[in-house]
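# Tertiary structure, described
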Amino acid sequence: MEAARGTAGDTAAPTAVVVGGGISGLLAARELARAGVRTTVLEASGAWGGCVGSHVVAGLTLDSGAESFATRSSAVADLAAELELAGKIVAPRPGGAWVQLPDGPRELPRTGVLGIPANPWDPEVRRSLGLLGSLRASLDKLLPASLGTRDEAVSVSALVRARMGRRVLDRLVAPVVGGVHSADPDVLDIDMVAPGLRAGIRDHGSLAAAVGAQRRGAPAGGGPVPGAPSPALQKAGSAVAGLRGGMHTLIPALLAELRRQGVTLLGGTRADTVERTAGGWRVTAGGTAYDAGLLVVAVEGPAAIELLSGALPELAGHRPEPGPDVSLVTLVVDLPQLDARPRGTGVLVAPQSPGIQAKALTHATAKWEWLAEQTGPGTHVVRLSYGRGDTRHGAAVRPEPRTDTELFEAALKDASALLSVPVTAGDVVDWDVVRWGGALPFASLGHKRRVAEVRSICAADGTLAIVGGWLSGNGLAAIVADTPHQVRTLLP
Ligand SMILES: Cc1cc2nc3c(=O)[nH]c(=O)nc-3n(C[C@H](O)[C@H](O)[C@H](O)COP(=O)(O)OP(=O)(O)OC[C@H]3O[C@@H](n4cnc5c(N)ncnc54)[C@H](O)[C@@H]3O)c2cc1C
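This section reports on the structure supplied with the text.

About the criteria used
- Residues numbered from 1 in each chain as written.
- Predicted model: local features only at pLDDT ≥ 70, side-chain atom pairs only at ≥ 80, totals over all residues.
- Heavy atoms only, no water.
- Helix = DSSP H or I, 4+ residues; strand = E, 2+ residues; numbered from the N terminus.
- Rg over C-alpha atoms; globule rule 2.2 N^0.38 Å.
- Buried < 20%, exposed > 50% of the residue type's maximum accessible area, 1.4 Å probe, protein only.
- Contact = heavy atoms within 4.5 Å.
- Areas by Shrake-Rupley, 256 points an atom, 1.4 Å probe, with all protein chains shown as cover.
- Lys, Arg positive; Asp, Glu negative; His and termini not counted.
- Charge placed at Lys NZ, Arg CZ, Asp CG, Glu CD.
- Salt bridge = Lys/Arg side-chain N within 4 Å of Asp/Glu carboxyl O.
- Near = heavy atom within 4 Å.
- Polar contact = N/O pair within 3.5 Å; in protein donor to acceptor, adjacent residues only side chain to side chain.
- Nonpolar A, V, L, I, M, F, W, Y, C, P; charged D, E, K, R; others polar.
- Pairing = 2+ DSSP bridges.
- Core = buried A, V, L, I, M, F, W, Y, C linked by side-chain atoms within 4.5 Å.
- Expected span 1.5 Å × (residues − 1).
- Arc of directions from axis to C-beta.

### Some words on the overall build of the protein
For the protein, the count of helices and strands is 17 helices and 21 strands. Taking 2.2 N^0.38 as the reference for a compact globule, 492 residues should give roughly 23 Å; the C-alpha atoms of the protein span a radius of gyration of 23 Å, in line with that estimate. Summarising its shape, the C-alpha atoms of the protein cover approximately 70 × 55 × 45 Å along the three principal directions. Counting across all 492 residues of the protein, residues that qualify as buried make up 57%. Taking the contacts inside the protein whose residues are at least 6 apart along the sequence as the reference set, 71% of them involve residues at least 24 apart. Carbon and sulfur atoms make up 55% of the accessible area of the protein, which totals about 19400 Å². On the protein, the mean spot of the 47 positive side-chain charges and the mean spot of the 47 negative ones are 7 Å from each other.

What follows is the structure, given as structure tokens:
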């Protein structure tokens, strides 16, 4: 083994190793470096940013993973501003998304959280649910606030079905949950994917009112709104925003700041083991030891537990299930019929929709003005995602396309059906497949308690923090808000 680097006690400055160079690891390093901690980041792959990645298709640099952020708080917008990217924040084009139901496409109501409507009688909601569905959903207002809020853990399905009925679940929530989390709402913990919603029911009396309050940026419990959406984004009325040039542009900006702060960034360096030492922690990667007083583990859930279980055997029973394997097919097509944006910014697919294997389609050039300006009229970027990872409705037994050729063929077929415009191989200028194996965390029922237990074990001696989407809740807004907070617990 090579000599230990970054040994605690080399200088007066405290030292830290961060394992994982996704957004959570980079943000952790930023927080440590700002506090004067000499920090080294180890990233297994050759690329920084993890799921906030990029790829080049038809000469366009596109997001290969995350492409927007939730504006329910100002966390990501504030970060962008600190990185001098505030001027690049953009709202998606108005028009909204659609949902593909077994009986055809409908516009997705725009006033929901996770597809749960703030008003069951909103005309868009009423169109998706039908009269009976809206009637049942409006019963929510008459039900006691304790329904769905008393149990320690509740799945997305159980809460929505109990308060608003099955049609809201099947026609609005399941497509959104499948598209965003690649998960079955039957097994997904509501507190992880819609934090604060159950508290909102207690405060505002109904699920619809809790959704309405979240959309307005009002926290459960009333009072001032920490990190409320910026007025500009609120005005745009959108629940998400993006960055001109793509979300991946956050990463080089973050890396530039880390380099200025003197952080050591070691790509292509997979941490193999973690052990305790007299001075703190030793991380071994490819035969080299990295010693430091502080350790931050910022990798996917199963990998994090595996890495730490040697040093903290009590963690072994807390391994989360691996996330689903998601494959994204990006098509760049010359197809002027798509200039009319036939399905707004894209389509979420209800699991029961016959003949369609994709779980979601994003019409990126319809969603982002900056991208449409780059491609020019007639040329379009369409991204389809595969890998629902759910078990309800027999979806898991439905064969999934796996090879690049199968995925390309499925993408042409699904894009044609979802956009109602034939998309053929002859229209395709270029295409690419990106696979995210297990990268989306799987917040199964009871996950919130698991997170609390994991964090309490790790926090015991004040030198270890554990961060990332599997703990904070999937998505950039949750991670950006949570990571600095976790890291600060290590600092004096
Ligand atoms: C396809 C896709 C689309 C998404 N779209 C959105 C979106 O539009 N909006 C949104 O808000 N969120 C989106 N998300 C979710 C969001 O991207 C993630 O929640 C977030 O990027 C996760 O960040 P992280 O740092 O927790 O983990 P990751 O990004 O998974 O980073 C973990 C890093 O650790 C590294 N690593 C793993 N093991 C080791 C090891 N042993 N040693 C060293 N390094 C290691 C990995 O290589 C990786 O770089 C999307 C996710 C996916 C997969």
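### Remarks on the pattern of salt bridges
Enumeration according to the criterion identifies 19 salt bridges in this entry. Across the salt bridge formed by E152 and R449, the nearest N and O atoms sit 3.4 Å from each other. Residue E152 is found in the loop between α3 (123-138) and α4 (156-164), and its partner R449 is found in helix α15 (residues 447-459); the two are separated by 297 residues along the sequence. With a relative accessible area of 57%, E152 lands in the exposed category. What makes R449 partly exposed here is its relative accessible area of 47%. R455 is the partner of D482 in a salt bridge, and the nearest nitrogen-oxygen pair spans 2.8 Å. Linking D482 in helix α17 (residues 476-488) with R455 in helix α15, this pair joins segments that are 27 residues apart in sequence.

### With respect to the site of the ligand
Neighbouring the ligand are 30 residues; S24, E43, S68, G469 and L476 lie closest to it. Contacts to the ligand include N474, whose side-chain N or O atom sits 2.8 Å from an oxygen atom. A distance of 3.0 Å separates an oxygen atom of the ligand from a polar atom in the backbone of G475. A total of 1000 Å² of accessible area belongs to the ligand in isolation, and the protein chains cover 88% of it. At the level of secondary structure, the elements contributing two or more residues to the shell around the ligand comprise α1 (23-34) and α17. Residues of the shell around the ligand, tallied by class, amount to 15 nonpolar, 11 polar and four charged.

### Considerations on the pairing of strand β8 (residues 98-101)
Neither face of β8 is open: one carries W98 and Q100, the other V99 and L101, and all of them are buried. Between β8 and strand β9 (residues 104-107), which follow one another and run antiparallel, lie two residues. Both β8 and strand β17 (residues 346-349) contribute to a ladder of three bridges, which runs parallel. Across the sheet, V99 pairs through a bridge with L348, a residue of β17.

### Concerning the pairing of strand β5 (residues 60-63)
Relative to β5, strand β4 (residues 54-57) runs antiparallel, the two sharing four bridges. Bridge pairing in β5 places S54 opposite D63. Hairpin geometry of β4 and β5 is characterised by an intervening segment of two residues between the two adjacent antiparallel strands and by a positive phi of about 50° at A58.

### Remarks on the side chain of S353
Residue position: S353 is located in the loop between β17 and β18 (360-363). The class for S353 is buried, based on a relative accessible area of 2%. There is a polar contact of 2.9 Å between the side chain of S353 and the backbone oxygen of A350.

### Quick word on the nonpolar core
By size, the foremost hydrophobic cluster in this structure holds 67 residues, and its most contacted members are V156, L295 and L308. The leading source of residues in this core is helix α5 (residues 166-181), at six residues. Once residues lying within four places of it in the same chain are set aside, the contact partners of L308 are V274, L295, V297, L315, C458, L464 and I466. Core analysis: the second largest hydrophobic core is formed by 43 residues, L85, I251, A298 and L490 among them.

### Observations regarding α15
Taking 1.5 Å as the rise per residue, α15 with 13 residues should run 18 Å; its terminal C-alpha atoms sit 18 Å apart, in good agreement. Among the residues making up α15, those that are buried are H447, R450, V451, V454, R455, I457 and C458. Down the axis of α15, the sector holding all buried residues measures 160°, keeping them to one side. Against α6 (190-193), α11 (301-309), β21 (464-466), α16 (469-472) and α17 lie the buried residues of α15.

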